[in-house]
Structure formats: structure tokens, C-alpha cells
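Chain by chain, the residues:
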Amino acid sequence: SVYKSRRATLLQLPVNAAKIFLQLELITPFQLYFNPELIFKHFQIWRLITNYLFFGPVGFNFLFNMIFLYRYCRMLEEGSFRGRTADFVFMFLFGGLLMTLFGLFVNLVFLGQAFTIMLVYVWSRRNPYVRMNFFGLLIFQAPFLPWVLMGFSLLLGNSIIVDLLGIAVGHIYFFLEDVFPNQPGGGRLLRTPSVLKAIFDTPEDDPNYNPLPEERPGGFAWGEGQRLGG
């Protein structure tokens, strides 16, 4: 449906809102960045979320991240997560929680780019035979895409710690969700909470359910009464 095809774009709304507020100088990056001391000692809990919403000033790096965030978020939702919205949301929560924990030990103040790389990594591992064309310069299989992006970041002079964090979290999720359950003696360690399924997943239709007349297409069966004198 149109609604499902546009849900991925909803994920960009908080990013776009944050960008508008920054442009209007209603907020500053200093109010958004990840700072464990401010979070746990001064109870600025919003920083757990807002540090994922800032991708730097409008420029090549910002547009690059927006394109990849939208593209691979949408391809995941319409591909391996099709009909599994709760599992999709759970991946977001699991990845965000793991990155936040890692963020306590590395000197990173914004984790949005790492989150984008995580999405790219999961998609690339689930589509190993897709051939990629990077700006018409490189042709390679999809699993190499996160590493190509990391090399590209290095060429631009950016820190690759962000990319490595996204790759690491993406690999942990992929291993626990796709690899370990299929290993001898393995099993599913990641289970989507039932509350998420109740909120996001559409209940399956009961094949034995007989709808009331007003629930059938066309409403009441006005023409199916008994004939006079029958």
C-alpha cells in the first residue's frame, strides 16, 4: 500500500525537524550530542535519541547520509522485513541500544551515521548476490558495500570509528538473527517483544471467521430474502 511504501520516509521526519530547528537557531548541536555525564548526572535523557538526529551541516556528507538512510531503510522494510514491522522496529531499538552502550567507551558525540551504516550492513549481508556500482568507479558484490563506504569516509578525511561501530553492531544483529539460529545447537536469542507485535503488526485473519452481513462486501444481502409464498 501507499502507507507502507512511505513508512521509511517517516524515519527521516525527526532528522528533518532537527535540521529545521538548527537552521532557525532554536536549538544547537550542543543540546543534542551524546554526553553520558549530562545524561546520567543531569538527567538530560533526550540526548539518548537526539544524538542520532544530527548529521552535520547541510552539505555533501549530510545529503549522502540522507540518501543512504532512506534507500536502505526502505529496501529493508520492503524486502526482508516485509510484513514484519515489529521486527523492523525491534532491530532499530536493539541497534540503538547497542550503539549507545558502545558510545560510553568511544569518543563519539553523534551516532546517526553509525546507525545508517548498520542498516547498510544488514541489507548487504541479506542480499549477497546483488552487484553494486559505486559512482561508476567500482563494481562489487553487496557485502563489500559497508567497507567501500568506510574507505570513502577515509578518503574524505572523516573518522572511520563511526563506520566501524555501525559495521560491528550490524554484524552482531545479523549473526544473532540470521546466522546463529541456523547453527548446530543454535537458537534465536533475539525475540521481538509481544508488545511491539501488538502495536505494529496487523493481526492475521482467522480462516474460520464468518463475518456478519454488514461486514461483507456490499453490506446486507438485501436480495437474498425468501420469495413470497415460498
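The structure displayed is predicted, hence computed values, not measured ones. (Residues numbered from 1 in each chain as written. Predicted model: local features only at pLDDT ≥ 70, side-chain atom pairs only at ≥ 80, totals over all residues. Heavy atoms only, no water.)

### Some points on the packing of aromatic side chains
The following threshold applies: Two aromatic rings, drawn from Phe, Tyr or Trp (for Trp, its six-membered ring), form a pair once their centres lie within 6.5 Å of each other, and the interplanar angle then sorts them: stacked below 30 degrees, edge-to-face above 60, tilted otherwise. Runs of E in the DSSP output that reach at least two residues are strands. Runs of H or I that reach at least four are helices, and both are numbered from the N terminus. Classification of residues uses two cut-offs on accessible area relative to the type maximum, computed with a 1.4 Å probe and protein chains only: under 20% is buried, over 50% is exposed, and between them is partly exposed. Two conditions define a charge located above a ring, namely a distance within 6 Å from the ring centre to NZ of Lys or CZ of Arg, and an angle within 35 degrees of the ring normal.
Following the criterion strictly, the structure yields 12 aromatic pairs and no others. Where Phe-68 meets Tyr-72, the ring centres are 5.5 Å apart and the plane angle is 25°; that geometry is what we call stacked. Of this pair, Phe-68 and Tyr-72 both sit in helix 5 (residues 60-78), four residues apart, which is roughly one turn of that helix. Note on Phe-68: relative accessible area 13%, which makes it buried. If you follow Arg-71 out to its NZ or CZ, it ends over the ring of Tyr-72, 5.7 Å from the centre.

### Looking at the pairing of strand 1 (residues 131-134)
Selection rule: One requirement defines pairing of two strands: DSSP has to find at least two bridges between them.
Burial along strand 1 is one-sided: Met-132 and Phe-134 are buried, while Arg-131 and Asn-133, pointing the other way, are not. Here four bridges tie strand 1 to strand 2 (residues 138-141), and the two strands are oriented antiparallel to one another. The partner of Phe-134 across the bridge, within strand 2, is Leu-138. Connecting the antiparallel pair strand 1 and strand 2 is a turn made up of three residues, with Phe-135 showing a positive phi of about 55°.

### A short note on the nonpolar core
For the record, the criterion: Among buried residues, those of type Ala, Val, Leu, Ile, Met, Phe, Trp, Tyr and Cys that are joined through side-chain atoms within 4.5 Å constitute a nonpolar core. The criterion used for residue contact is that any of the two residues' heavy atoms lie within 4.5 Å.
Core analysis: the biggest nonpolar cluster contains 48 residues, and Leu-76, Met-91, Met-99, Leu-119 and Leu-149 have the highest contact counts within it. Elements supplying a minimum of two residues to this core: helix 5, helix 6 (85-103), helix 7 (112-126), strand 1, helix 8 (145-155) and helix 9 (161-179). The residues contacting Met-91, other than those within four sequence positions of it, are Leu-76, Phe-81, Met-118, Leu-119, Val-122 and Tyr-173.

### Some remarks on the environment of Arg-188
Cut-off, in case you're wondering: The definition of a polar contact used here is a pair of N or O atoms within 3.5 Å, where within protein one atom must be able to donate a hydrogen and the other to accept one, and adjacent residues in sequence count solely through side-chain atom pairs.
Inspection of the secondary structure puts Arg-188 in the loop between helix 9 and helix 10 (194-200). Measuring from C-alpha to C-alpha, the distance between Arg-188 and Leu-176 comes to 7.0 Å, with 12 residues separating the pair along the chain. Those residues in contact with Arg-188 that lie beyond four places of it in its chain are Glu-177 and Pro-181. Among the polar contacts made by the side chain of Arg-188, one reaches the side chain of Glu-177 at a distance of 2.9 Å.

### Observations concerning the pattern of salt bridges
As a reminder, the rule being used: Salt bridge, as applied in this entry: a Lys or Arg side-chain nitrogen positioned within 4 Å of an Asp or Glu carboxyl oxygen.
Taken as a whole and judged by the stated rule, the model has six salt bridges. Among the salt bridges present, the one from Glu-177 reaches Arg-84, with a minimum N-O distance of 3.8 Å. Placement of Glu-177 in helix 9 and of Arg-84 in the loop between helix 5 and helix 6 is noted, with a sequence separation of 93 residues between them. We classify Arg-84 as partly exposed; its relative accessible area is 24%. Where salt bridges share partners, they join Arg-84, Asp-87, Glu-177, Arg-188 and Lys-197 into one cluster.

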